[in-house]
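# Fold and contact review
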Amino acid sequence: MKKVFLVLASSALLFVACNNSSETSTAPAPEETAEVVDPATLAPLEVTINADDNMKYDVTEITAKEGQKVKVILHHVGKLPIASMGHNFVLLTEGSDLAQFAIEAINAKDNDYIPASLVDEVIAHTKTIGGGETAEVEFTAPAKGTYEFLCSFPGHSAMMKGTFIVE
Ligand SMILES: [Cu+2]
């Protein structure tokens, strides 16, 4: 009995609280001005991506703030060697053609599968690693927008890609 009363009482309180806030929210919320954050004061974003022997990233969406320092740590949690199952993380500029990048990358084995002709379309990338290895890269989140990342090892980008959102 006591419990029922408590639940009723707290939902009544909630109702009152909601009601109040909707009545008083005609003035702009003070948080709006706090939106302008100096990127330098943002805590760095650290993202760990695990990649396995089945050509998969366990993270396919990353969200950062414009100007935020970002560190991507790529773990190859598989066992296969770099020659047959190499993985990297390559973040492309907005509007870069991911499929085209992957095609050009096939012939860029000696450059971590970063094609020299498209180096301008790379915001950041790790080196290419094999099973059991780790690589990381640090960069500053670019302007607000939606970007794509991929593993540029031949044949991997169809499965190994993701979205990098900057807010
Ligand atoms: Cu890969």
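Residues numbered from 1 in each chain as written. Predicted model: local features only at pLDDT ≥ 70, side-chain atom pairs only at ≥ 80, totals over all residues. Heavy atoms only, no water.

### A word on the sheet that holds strand β2 (residues 61–64)
In plain terms, the rule: Strand pairing requires that DSSP identify at least two bridges connecting the strands. The helix and strand labels rest on DSSP assignments: H or I over at least four residues marks a helix, E over at least two residues marks a strand, and numbering proceeds from the N terminus. To obtain each axis, a line is fitted to C-alpha atoms, and for helices this fit is confined to the stretch in contact; angles are then taken between N-to-C directions over 0 to 180 degrees. We call two residues in contact whenever any of their non-hydrogen atoms come within 4.5 Å of each other.
Ordered in space as β2-β8-β7-β4-β5, the five strands form an open sheet in which the pairing is mixed. Two strands lie at the open edges of the sheet, namely β2 and β5 (122–125), each paired on one side alone. Averaged over neighbouring strand pairs, the angle between their axes works out to 25° when direction is ignored. Pairing between strand β7 (residues 145–150) and strand β8 (residues 161–166): six bridges, direction antiparallel. For Thr146, the partnering residue across the bridge sits in β8 and is Ile165. Here helix α4 (residues 98–105) sits on the sheet and contacts β4 (90–92), β5, β7 and β8; the angle it forms with β7, its principal contact strand, is near 30°.

### Observations regarding the coordination of the copper ion
For clarity, the threshold we go by: Note: metal donors comprise N, O and S atoms at 2.8 Å or less from the metal (3.2 Å for Na, K and Ca); water molecules are not included, so apparent gaps in a site are possible. Three exposure classes are used, based on accessible area relative to the maximum for each residue type with a 1.4 Å probe and protein chains only: buried under 20%, partly exposed in between, and exposed over 50%.
Every protein donor of the copper ion is accounted for by His87 (ND1), Cys151 (SG) and His156 (ND1), and the metal-donor separations fall at 2.1 to 2.2 Å. Each donor residue of the copper ion belongs to the same chain, and together they define the spacing H-x63-C-x4-H. Separated by 64 residues along the polypeptide, His87 in the loop between α3 (82–85) and β4 and Cys151 in the loop between β7 and β8 bring together distant segments of the chain. The two residues His87 and Cys151 agree in class, both being buried.

### A few points about the nonpolar core
For the record, the criterion: Among buried residues, the Ala, Val, Leu, Ile, Met, Phe, Trp, Tyr and Cys ones that are joined through side-chain atoms within 4.5 Å form a nonpolar core.
By size, the foremost hydrophobic cluster in this structure holds 27 residues, and its most contacted members are Ile49, Tyr57, Ile62, Phe89, Phe139, Phe149 and Phe164. Sorting the residues of this core by element identifies β1 (45–51), β2, β3 (69–76), β6 (134–140), β7 and β8 as the ones contributing at least two each. Contact partners of Phe89, with chain neighbours within four places excluded, come to Ile49, Tyr57, Ile62, Val72, Leu74, Ala124, His125, Thr126, Val137, Phe139, Phe149 and Leu150.

### Side note on the pairing of β8
Where burial is concerned, the two faces of β8 differ: the one with Gly162, Phe164 and Val166 is buried and the one with Lys161, Thr163 and Ile165 is not. Relative to β8, β2 runs parallel, the two being bridged by four bridges. When the sheet's bridge partners are listed, Glu61 is paired in β8 with Thr163.

### Topic: the environment of Gly155
Of note, Gly155 is situated in the loop between β7 and β8. For Gly155, a relative accessible area of 64% gives the class exposed. When the C-alpha atoms of Gly155 and Ile103 are compared, they prove to be 8.7 Å apart, with 52 residues separating the residues in sequence.

### A short note on the pattern of salt bridges
Condition: We count a salt bridge whenever a side-chain nitrogen from Lys or Arg sits within 4 Å of a carboxyl oxygen from Asp or Glu.
Counting across every chain of the model gives two salt bridges. Put simply, Glu167 and Lys65 hold a salt bridge, and the shortest N to O gap is 3.5 Å. With Glu167 in the segment after β8 and Lys65 in the loop between β2 and β3, the pair connects residues that are 102 residues apart, well separated along the chain. A residue is classified by how much of its surface remains accessible, and Lys65, at 39% relative accessible area, is partly exposed. Here Lys71 ties to Glu136 by a salt bridge, and the two come within 3.5 Å at their closest N and O atoms. Within this pair, whereas Lys71 is found in strand β3, its partner Glu136 is found in strand β6, the two being separated by 65 residues in sequence. The partly exposed category is assigned to Glu136, whose relative accessible area is 45%.

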